[in-house]
Amino acid sequence: MAYRWTNTLTQADITPKAAYLNRRQILAGTVGLGAIGLAGGAQAQELEPNTLEEITSYNNFYEFGTGKEDPARNAHQLVTSPWSIKVAGMVDNPGDYALADLLDGLTVEDRIYRFRCVEAWSMVIPWNGIELADILNKVGVQSGAKYVAFETVVQPDNMIGVQRRVLDFPYVEGLRLDEAMHPLTIMATGIYGEPISNQNGAPIRLVVPWKYGFKSIKSIVGITLTDEEPPTSWNKANAREYGFYSNVNPNVDHPRWSQASERKIGGGLFASRQETLMFNGYPEVASLYEGQDLSVDI
Ligand SMILES: Nc1nc2c(c(=O)[nH]1)N[C@H]1C(S)=C(S)[C@@H](COP(=O)(O)O)O[C@H]1N2
Ligand SMILES: [Mo]
């Protein structure tokens, strides 16, 4: 199949904002090289990270309203300290962990990832985060566990979208265990080397770069290991349109729009759309889905 992909960009250490900006040319060059010789002739795409302003002012966080600018306007009401995460289910060390205790001793890494919303817009975001696998290994996943379920905090007094019941809250998401353990999957705590903003999911949110953005659940207070596929918010809201897997796939359209191309935020009103890449440009995850029909397992 003529999938189109480019290479992954990762950074091993935290880099201040200025250094990200200086890397622009290097990033563009790397992508061009990575594209050479791949099936279908992948087109070099601009991987210049979006600005912090763009990343923090155009958001989906329905707990704070459904408009793209609502989270930036309302999420200052989110109370992020103290913060604890309840780890439950098929783990050796369940419990209510203070966030600092859960992350203690684990490595925060830089990851410059494409981010693709199911609504066909995209960004490039320089996250700081911890591999989810490191957290799961720390709490000890028991054999027999097959899925990880996540839950977002509910602070009704502080969340206008919760008061209006725009979705069935708490927002819940899930991954298959092999997806959760993949080294690309991170729990982000920062952007551009600064603490993650409330509207982006403070103090800690999931980032799964090869899946549509709604899988990357924000402001997490619950992690549960289970042997059954957990319910997910958008699948509960509309199962025909939003599946459990929700891998970025230019060949499988949303029932109401094409997924073949996307609009990169910050490109300006008249910027041309860019091609959507299979698995959002992360071919290394393809082996997770061997033997699955991705037009059925949407
Ligand atoms: N709790 C919660 N998590 C959420 C959402 C939400 O409404 N509530 N929206 C999702 C969607 S649709 C997208 S595209 C991304 C947006 O992340 P960003 O605002 O950091 O770009 O968050 C996802 N995580
Ligand atoms: Mo989204």
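Cut-off values and rules
- Residues numbered from 1 in each chain as written.
- Chains lettered and ligands numbered in written order.
- Predicted model: local features only at pLDDT ≥ 70, side-chain atom pairs only at ≥ 80, totals over all residues.
- Heavy atoms only, no water.
- Helix = DSSP H or I, 4+ residues; strand = E, 2+ residues; numbered from the N terminus.
- Buried < 20%, exposed > 50% of the residue type's maximum accessible area, 1.4 Å probe, protein only.
- 1 Å grid on protein atoms, 1.4 Å probe; cavity = no way out; pocket = protein on both sides within 12 Å on 5 of 7 lines; lining within 4 Å.
- Points joined across faces, edges and corners; volume = space filled by probe spheres on them.
- Nonpolar A, V, L, I, M, F, W, Y, C, P; charged D, E, K, R; others polar.
- Contact = heavy atoms within 4.5 Å.
- Near = heavy atom within 4 Å.
- Polar contact = N/O pair within 3.5 Å; in protein donor to acceptor, adjacent residues only side chain to side chain.
- Areas by Shrake-Rupley, 256 points an atom, 1.4 Å probe, with all protein chains shown as cover.
- Sits in = over half its atoms within 2 Å of the grid points.
- Pairing = 2+ DSSP bridges.
- Axes fitted to C-alpha atoms, helices over the stretch in contact; angles between N-to-C directions.
- Core = buried A, V, L, I, M, F, W, Y, C linked by side-chain atoms within 4.5 Å.
- Phe/Tyr/Trp six-rings, centres within 6.5 Å; stacked < 30°, edge-to-face > 60°.
- Lys NZ or Arg CZ within 6 Å of the ring centre and 35° of its normal.
- Arc of directions from axis to C-beta.
- Salt bridge = Lys/Arg side-chain N within 4 Å of Asp/Glu carboxyl O.

Turning our eyes to something else, we now look at the overall build of the protein. Helix and strand counts for the protein stand at nine helices and 13 strands. A total of 298 residues make up the protein; the buried ones form 54% of that total.

Next up on the list: the layout of surface pockets. The computed volume of the largest pocket comes to approximately 430 Å³. Lining the largest pocket we find 27 residues, and of these Asn60, Phe61, Tyr171, Gly213 and Phe214 sit closest to its centre. The dominant element in the lining of the largest pocket, judged by the number of residues it contributes, is strand 5 (residues 121-131), at four residues. The residue inventory of the lining of the largest pocket, partitioned by class, reads 17 nonpolar, six polar and four charged.

Structurally, Lys86 is set in strand 2 (residues 84-89). Taking the C-alpha atoms as reference points, Lys86 and Leu99, separated by 13 residues in sequence, lie 9.7 Å from one another. Each residue touching Lys86, except ones within four places of it in the same chain, is listed here: Gly95, Asp96, Val221, Gly222 and Ile223.

So, on to the site of ligand 1. Contacts to ligand 1 come from 17 residues, most closely from Asn59, Tyr62, Glu63, Asn200 and Lys218. In the environment of ligand 1, a nitrogen atom lies 2.9 Å from a nitrogen or oxygen atom belonging to the side chain of Thr152. The contact in question runs from an oxygen atom of ligand 1 to an N or O atom on the side chain of Lys218, over 2.7 Å. Computed on the free molecule, ligand 1 has an accessible area of 540 Å², of which 98% lies beneath the protein chains in the complex. Cavity membership is defined here by more than half of the atoms lying within 2 Å of grid points; on that basis ligand 1 lies in the largest pocket. Looking at the shell around ligand 1, its residues break down into eight nonpolar, six polar and three charged.

In this section: the sheet that holds strand 3 (residues 95-98). To summarise the sheet geometry, strands pair through backbone hydrogen bonds and adopt either a parallel or an antiparallel arrangement. If you trace the five strands from one edge of the open sheet to the other, you get 3-2-11-6-7, paired in mixed fashion. The open sheet has two edge strands, strand 3 and strand 7 (172-176), and neither has a second partner. Here the strands of the sheet are splayed against their neighbours by 20 degrees on average, with no regard to which way each runs. Pairing analysis gives five bridges linking strand 6 (residues 147-152) to strand 7, with the strands arranged antiparallel. By the bridge assignment, Tyr147 is partnered in strand 7 with Arg176.

It is worth spelling out the nonpolar core at this point. With 73 residues, the main nonpolar core has Trp127, Phe150, Leu206, Trp210 and Ile223 as its most contacted residues. The dominant element in this core, judged by the number of residues it contributes, is strand 5, at five residues. What Phe150 contacts, discounting residues up to four positions off in sequence, is Leu132, Tyr171, Val172, Glu173, Gly174, Leu175, Leu206, Ile217, Ile220, Gly222 and Ile223.

Each aromatic ring pair is characterised by the separation of its centres together with the angle its planes make. Inspection of the entire model under this criterion finds 12 aromatic pairs. With a centroid separation of 5.8 Å and an interplanar angle of 80 degrees, the aromatic rings of Tyr147 and Phe244 are classed as edge-to-face. Placement of Tyr147 in strand 6 and of Phe244 in the loop between helix 9 (233-237) and strand 12 (261-264) is noted, with a sequence separation of 97 residues between them. Residue Tyr147 shares its accessibility class with Phe244, and that shared class is buried. Grouping aromatic residues by their ring pairs yields a cluster made of Tyr147, Phe244, Tyr245, Phe279 and Tyr289. Here Lys215 stacks its cationic end above the ring of Phe244, 4.3 Å away from the centre of that ring.

Buried within helix 6 (residues 132-139) we find Leu132, Ala133, Ile135, Leu136 and Val139. Each buried residue of helix 6 sits inside an arc of 160 degrees when the element is viewed along its axis, so together they form one side. Note on helix 6: the residue one or two positions beyond its end, Gly140, has a positive phi of about 80 degrees.

On to unusual backbone geometry, then. For the peptide bond that leads from Ser81 to Pro82, omega is 0 degrees, which places it in the cis range. As for its position among the elements, Pro82 is in the loop between helix 4 (70-74) and strand 2. Phe169 connects to Pro170 through a cis peptide bond whose omega is 5 degrees. Within the secondary structure, Pro170 is located in the loop between helix 7 (160-163) and strand 7. The backbone phi angle of Tyr192 is positive, close to 55 degrees, even though this residue is not glycine. As for its placement among the helices and strands, Tyr192 is situated in the loop between strand 8 (186-191) and strand 9 (194-195). In this structure, Phe279 is a non-glycine residue whose phi angle is positive, near 50 degrees.

Further remarks concern the pattern of salt bridges. Using the criterion set out here, one finds 10 salt bridges in the structure. Here Arg73 and Asp70 are joined by a salt bridge, their closest N and O atoms 2.8 Å apart. Of this pair, Arg73 and Asp70 are both found in helix 4, three residues apart, which corresponds to roughly one turn of the helix. A salt bridge links Arg256 to Glu241; the nearest nitrogen and oxygen atoms lie 2.7 Å apart. Note that Arg256 is positioned in the loop between helix 9 and strand 12 and Glu241 in the loop between helix 9 and strand 12, a separation of 15 residues in sequence. The network of salt bridges with shared partners includes Glu109, Arg111 and Glu131.

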